[in-house]
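Coordinate analysis (summary)
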Amino acid sequence: MANEDDLPTTDAITSANNATRRSLVNLDPPDHTRLRRLVVRAFSAKRIDGLRPRIQQMADELLDAMAEAGDEADLISAYASQLPIRVICELLGVPEDHEALRDKTGAAFQVVKDDESMKGMADAFAWLTDYTAQLIRAKQNTPGDDLLSDLIAVHEEDNDRLDDEELAAMALTLLLAGHETTVQLIGNGMNALFNHPDQLAALLRQPELVRPAVDELLRYDGPTNPGVARYATGDVPLGGVVIPRGALVLLSVAAANRDAGRFERADELDITRDAAAHLGFGRGIHYCLGARLARLEGEIAIGSLLRRFPDIRLAVPADRVEWRLGMVRGLVSLPVALK
């Protein structure tokens, strides 16, 4: 695969835009409709649900390693950042380049605040773009029983296919979105439970609540923050002002998920509530293709962690937990005591 030392450095924003220009995230109908129709079958409920035993096995292996390493651990580096990258790599049929991919996807989501971070982001996108291109070529020559091979082969009755640019954008989007946001789902979710011991105790008493808990944790403190970027396609009157056509708008998903008009006691964490209508996965035509997989990973990750370590707790004061700057909301680390 790509040698990270040989890749060029370009402007960060240009790199990101070029890499994902033809992805579902950045397209509107009719292009979006066509692409989603082509790829949605590759994300069937049957395929995703069939991953449960393997995801459970991966989670158990990571928990075994944590138990063997001692009585304390960093939940982010030892678990939350490990499980999603293994899952998405296996789903896509990616070789076990987990460490490099995890590092590069993290760098791609960082905040560009100076020349050094801009270079880091640009290099990450360049590396990932080159990596996915090589991976696609390998799958075209030797297809496997994996999602990326299916996307390469997918077609409709009129033989409409993903072209090379669309396929590369889709593969890169899946690597990025399929990993980084799920890391923060697990990390932010466990941090929220640590800060609400009554809710953690309820989940320990009633493990079956883990399914609704995942949606509530996404609603309460999900990774889609500060928000979703969109451009106004026309002049939009809103709150006494007009958002002009072409203006960039940042939609605050976090604020919407705390809307008291939609959720009773919106600022409280309640794992028993029906929070499935949260906007963490988007809405409408841009609703996340990987929502079912993310929920499954969150359910297995959090449920398995609490079964293995029912006495798990923060190993530092809550105000010492460090949040990272980036395009998603998440933690730098989460030190925990396991016993």
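Residues numbered from 1 in each chain as written. Predicted model: local features only at pLDDT ≥ 70, side-chain atom pairs only at ≥ 80, totals over all residues. Heavy atoms only, no water.

Right, let's get into the packing of aromatic side chains. Under the criterion given, the structure shown has two aromatic pairs. Summarising the aromatic geometry, the rings of phenylalanine 281 and tyrosine 287 are spaced 6.2 Å apart at their centres and angled 70° between planes, so their arrangement reads as edge-to-face. It is arginine 219 that lies over the ring of phenylalanine 263; its NZ or CZ is 5.2 Å from the centre. Arginine 258 extends its terminal NZ or CZ atom over the ring of tyrosine 220, reaching a point 4.2 Å from the ring centre. (Phe/Tyr/Trp six-rings, centres within 6.5 Å; stacked < 30°, edge-to-face > 60°. Lys NZ or Arg CZ within 6 Å of the ring centre and 35° of its normal.)

Take the pattern of salt bridges next. A side chain with one charge can pair with a side chain of the opposite charge if their charged atoms come near. Within the structure shown, the criterion is met by 18 salt bridges. Arginine 52 serves as the salt-bridge partner of glutamate 299, at 3.3 Å between the closest nitrogen and oxygen. Taken as a pair, glutamate 299 in helix 15 (residues 291-308) and arginine 52 in helix 4 (residues 52-69) lie far apart in primary sequence, 247 residues in all. Overall, glutamate 299 belongs to the buried group, its relative accessible area being 14%. Judged by relative accessible area, arginine 52 falls into the partly exposed class, the value being 31%. The shortest N-O distance in the salt bridge between arginine 273 and glutamate 216 comes to 3.0 Å. On the criterion of sequence distance, the pair formed by arginine 273 in the loop between helix 14 (253-257) and helix 15 and glutamate 216 in helix 13 (residues 210-221) is long-range, its members being 57 residues apart. Of the residues examined, glutamate 216 reaches a relative accessible area of 0% and is grouped as buried. Through salt bridges with shared partners, one network takes in Arg52, Arg211 and Glu299. (Salt bridge = Lys/Arg side-chain N within 4 Å of Asp/Glu carboxyl O. Helix = DSSP H or I, 4+ residues; strand = E, 2+ residues; numbered from the N terminus. Buried < 20%, exposed > 50% of the residue type's maximum accessible area, 1.4 Å probe, protein only.)

Before going further, it helps to examine the sheet that holds strand 9 (residues 335-337). Reading across from one edge, 1-9-6 is the order of the three strands in this open sheet, with antiparallel pairing throughout. Looking at the sheet topology across the chains shown, the edges are occupied by strand 1 (72-74) and strand 6 (313-314). Bridge count for strand 6 against strand 9 is two bridges, and the pairing is antiparallel. When the bridges of strand 9 are listed, arginine 313 appears paired with alanine 337. (Pairing = 2+ DSSP bridges.)

What follows deals with the packing of helix 7 (residues 98-108) against helix 8 (residues 115-141). Remark: helix 7 packs on helix 8, axes separated minimally by 8 Å, with the N-to-C direction vectors making an angle of 135°. Judged by the angle between their axes, helix 7 and helix 8 are oblique. As helix 7 packs across helix 8, the resulting crossing turns out to be left-handed. Counting all contacts with helix 7, which are made through Ala100, Leu101, Lys104, Thr105, Ala107 and Ala108, the residues of helix 8 involved are Gly120, Met121, Ala124, Phe125, Trp127, Leu128 and Tyr131. Its residues assigned to classes, the contact of helix 7 with helix 8 shows ten nonpolar, two polar and one charged. (Axes fitted to C-alpha atoms, helices over the stretch in contact; angles between N-to-C directions. Parallel < 35°, antiparallel > 145°, perpendicular 65-115°, else oblique. Left-handed = near helix turned anticlockwise from the far one by under 90°. Contact = heavy atoms within 4.5 Å. Nonpolar A, V, L, I, M, F, W, Y, C, P; charged D, E, K, R; others polar.)

Attention now moves to the environment of glycine 303. For glycine 303, the location among the structural elements is in helix 15. By relative accessible area, which is 12% here, glycine 303 ends up buried. Measuring from C-alpha to C-alpha, the distance between glycine 303 and lysine 104 comes to 28 Å, with 199 residues separating the pair along the chain. Apart from residues no more than four positions distant in its own chain, glycine 303 is found in contact with Val210 and Gly298.

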